[in-house]
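Each chain, letter by letter, is given below.
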Amino acid sequence: MMNHFMVLAVLLPLRTCYTTYSQQESIVFPVTYLNISKDLALQWLLVEWDVGKSARDAELAMSFEIQVRRTDENATVWIEFHNVTLDKSGQPLRWIWHSDLPLECMSHSVRIRSKAEASKIWSQWSLWETVLGLDTSNNSGPQIFPSEKIIEEGSDITLCCIGRKGQIIKEFFIVPAVKVFNHTNSQVGLLTLKNVAHQEAPHITVYCQESCNEEQCYDHAVFFVGRPPDTPHDFSCQTQDMRLATCTWSPGRDTYLYGRHSPKYTLSEEFSQKVILCTVSCSEQCSCSWDIGQQRIHNITVTVENPLGKKTATDVFDVTHRIYPAAPFQLWEECTDTEITLYWKHRNKGIELFCQTEVLHPDGKVELHNSSDTHFDYASITLGGLQPYTEYTARVHCGAAKHFWRWSEWSEARTIRTKEATPSGKLDIWREITPVLGGRNVTLFWKQAPSFRANGRSISYEVTWEKVEDGSKPESISFSSVCNSTRISIDNHSYRISIMAKNNVNYSLPSVLIIPRATGTKELKEEQVNGTDDGIFISWKPRHIYDSYIIDWCNFPMLQPCDLQWKRFGPNTSSALINSAAFVPGVRYNFHIYGSVANRASLLEKKTGYLRELPPLSDPTVEKVELTFNAVTLFWDYQLTNESGFVRGYHVYVSLIQENCSLKGSKKHVLPDGSVLCKYTIENPEEKRFTVKHLLPNTKYKLVVKAYTGGGETPIVNFRYIDTPFNSNMLYLLVLLVIVPSLVAAICRWKMKWVKECCCPVIPSPNKSKALSFQEFKIGSEKVLKISDCIPDTLAVDNKAVAQKLRPWSQLSPTTPTEDKIEGHKSSWIYPNDNEERDFTPTPTPQTHTWFENFAYSSHLTVESDPYQIPETLEGSKPELSVVLYQPHYYFEIFNDDAASTPRETSGRKTSLRYISQTAVHCLGRRL
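All values reported here derive from a predicted model rather than from experimental measurement.

The next point concerns the pattern of salt bridges. Applying the stated criterion across every chain, the model contains 30 salt bridges. The shortest N-O distance in the salt bridge between Arg 322 and Asp 315 comes to 2.9 Å. Its salt-bridge partner being Lys 467, residue Asp 491 comes within 3.1 Å of it at the nearest N-O pair. A residue pair is termed long-range when its members are at least 10 positions apart, and Asp 491 in the loop between strand S35 (485-490) and strand S36 (495-502) and Lys 467 in strand S33 (residues 460-467) qualify at 24 residues. Counted as one network, the salt bridges with shared partners bring together Glu 527, Arg 543, Glu 605 and Lys 607.

Quick look at the packing of aromatic side chains now. For any pair of aromatic rings, the description consists of the separation of the ring centres together with the inter-plane angle of the planes. Taken as a whole and judged by the stated rule, the model has 26 aromatic pairs. Centroid distance Phe 404 to Trp 407: 5.1 Å. Interplanar angle 70 degrees. Geometry classified as edge-to-face. Exposure remark for Phe 404: the relative accessible area of 41% places this residue in the partly exposed category. A cation over a ring is seen here: Lys 502 above Tyr 507, with NZ or CZ 5.6 Å from the ring centre. The lysine or arginine in question, Lys 624, covers the ring of Phe 635, its NZ or CZ lying 5.2 Å from the ring centre.

Quick look at the nonpolar core now. By size, the foremost hydrophobic cluster in this structure holds 23 residues, and its most contacted members are Leu 634, Trp 636, Val 652, Val 654, Leu 663, Tyr 680 and Val 692. Of all the secondary-structure elements, those providing two or more residues to this core are strand S46 (632-637), strand S47 (647-656), strand S49 (676-682), strand S50 (689-692) and strand S51 (700-709). Top element by residues in this core is S47. It accounts for 5 residues. Those residues within four positions of Val 654 in sequence are excluded, and the remaining contacts are Cys 661, Leu 663, Leu 677, Cys 678, Tyr 680, Val 692, Tyr 701, Lys 702 and Leu 703. Formed by 22 residues, the second largest nonpolar core is a distinct cluster that contains Leu 45, Val 51, Leu 93 and Val 131.

With that out of the way, let us pick up the state of the cysteines. Scanning the model with the defined rule gives 8 disulfides in all. The disulfide partner of Cys 282 is Cys 286, and the S-S distance across this bridge is 1.9 Å. Residues Cys 282 and Cys 286 are joined by a disulfide whose S-S torsion is about 115 degrees; by sign, that bridge is right-handed. With relative accessibility at 0%, the residue Cys 286 sits in the buried group. Between the sulfur of Cys 554 and that of Cys 562 lies a disulfide, 2.0 Å long from S to S. Residues Cys 554 and Cys 562 agree in their burial class; the two are buried.

How each quantity is defined
Residues numbered from 1 in each chain as written. Predicted model: local features only at pLDDT ≥ 70, side-chain atom pairs only at ≥ 80, totals over all residues. Heavy atoms only, no water. Salt bridge = Lys/Arg side-chain N within 4 Å of Asp/Glu carboxyl O. Helix = DSSP H or I, 4+ residues; strand = E, 2+ residues; numbered from the N terminus. Phe/Tyr/Trp six-rings, centres within 6.5 Å; stacked < 30°, edge-to-face > 60°. Buried < 20%, exposed > 50% of the residue type's maximum accessible area, 1.4 Å probe, protein only. Lys NZ or Arg CZ within 6 Å of the ring centre and 35° of its normal. Core = buried A, V, L, I, M, F, W, Y, C linked by side-chain atoms within 4.5 Å. Contact = heavy atoms within 4.5 Å. Disulfide = S-S within 2.5 Å.

Structure, rendered in structure tokens:
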């Protein structure tokens, strides 16, 4: 039973909760009260509404949907859901809406509906509640809104122009013209500006006109583009005398708003809740001073405000921790040659200060010296380690020794000069020796070395020289401070020269040079050195015997005096980069390198070079040209000295007129105009002739000779023109190949018969010769002449056995005696038989004979001999006869019928007969 009641006790509250929740789900709470108002200054639409008391009593969580629309627009311009938990206070609910369109331009209407959060059902919409705009009023003319004429940079803004009732807005525009969205209806015109920039338009003028032309139909307004103020930067307050406090801050960027729209600053003290009355002045910084009274700790707030916004900054401080002393004043000093004691006064009585002195040296170096101030009327500091007779600039500032806040302003700077002292260091001296008749001229130079200090107001120089060997009386001369060189004349002995600087206190240590005895000097060859962008690099061979090296040169080598310069180097140095502001490209500088030991200098090396080589100043002068039909030889003259660079050689450029060139052995060179030249390079600057080969005869060429240096060569401007002569060898060859053969051919044609007889005689057939008119003896088809059928007119027989051998070629003797020696052999003559009957009478008529040669017979028959001459006649005509050699006894048996021969031997012998001439031979019909 008890359990049953417990169950009922649990279920009953649950049923009550469910009933209540179900009622809440289904019950709606409509808006019972709605009111709208507007704040034109802030351009806010203020909405108030309420719901039934039951909802408040239930303290329901409710949602409200709010809709806003304008008179001329059917669509809703804004929808927002507002969630709130009701209470029992009975205060209406409020909502504020900021309109992007000035509320004056149009009437705005609002309606609301509600819903409990636990419910899914919305109430009915309330009726539209409207707040009227000026478009419903009866204006005297067109009006432009908003009325506040300040526009924030970077913002969007909508402007409107409201016309009178019954009038239409005809024009609505701005100047200067910027990108806008324009919308007008019959009575209201709208302009929307997006992201307004001050650079484009610091101010905007808006013009509006109705459809009429009377004066009351127009209106205009000016809008300024600006920025809201920045939060004040570096806001802080401090005091100098514990009576007045001064607050300073940085105003930030410009707001572009001036006059009555410029930023306004106010200061207030939060602890006393008072506004601080002070005048704010602003330039780079803003400041404001006020009386602090007896209060030590302050909470100061600065507020800056303009039409576009307001910003604040706060500083909380203890005035004893914010002491900013006044600057020291009335500085004076006491000094020696190396120390300065500086004094000053200050206005902060009763405040312990910590001061700092700044000392500016002549070389720009700055030193800071700290000192503690006392409560006396003045303070001081001693500055030591200074240079004699040197100007220093000093100034002082101070800060609170306790609770240091910041330094005061600097005092006025004071320039102080220390007193004079003896010159320190030595002068750097050098010399230039010029031999003259009977001695030498020595030009002495001096300058203040980096370690030298004059230490005085006025300085002079004293030069002393004396012989080293005999210790003669020294000579000396003084010079003013403006002098840095002098010339003295000495003989050929060794001299000691010293130079000292002198001020009002004393002399400096002497600088000494030893001029050695004059001796013959070996001429050194100059070596070329190269320049860089930073100077001219010099190197030399180090020698361990020297304690220093000196390099001298002339800054202006073409002038006299040449401004001799020198530089010293330590014993471990063997190279240096020489630079000078006087060095210019294209000028040759000569350097002498000396080794020095015990103040004696010896010339070691000579160098010459350029900071940068330039092209030659002039071109070589072509003095002679030798021409052949296929070559040209150029001779030129060129001075290698006083040039703008080291002449490395020459270039010879050759080309055909109006044509590109491609001669053998040359390189192509393209001019800026695109034409191509043949380029030859002569790398020896001493070579001043060159032959260009492989030219064409009877052709016009242009050529030029250019010198080149490490800086190149000058542009090619002027050419020399030449014409190669005609090739005479070709003319000779033409004569030989054409004219001579033509002349020979003409002569040959004219004397054809004679030429033919001389060069190509007719060769008769041997078968037609009378030599074969003998009794036939045939071997095969060939006729054979037997020796027995031909009896010679005269025979010479050699009795020597050695002559019995076959001699096919007989040597002829210039004479033919009756018995003569032929080749050293005894011969006999056989004459014709006297009893022989002849058919004709012998005559001395010259006869032509035939020469036969075979293995059996060999003879030479004279052309002009008479076979019938008697021996006496032959002897009388010895100079005109030829010897006939006949050796029949060796060959008799060749044709003898009784001789034993084989057919093969016979056949071989038949072919041994050779016909030599075809003139007839006289056969007498006698056998031997």
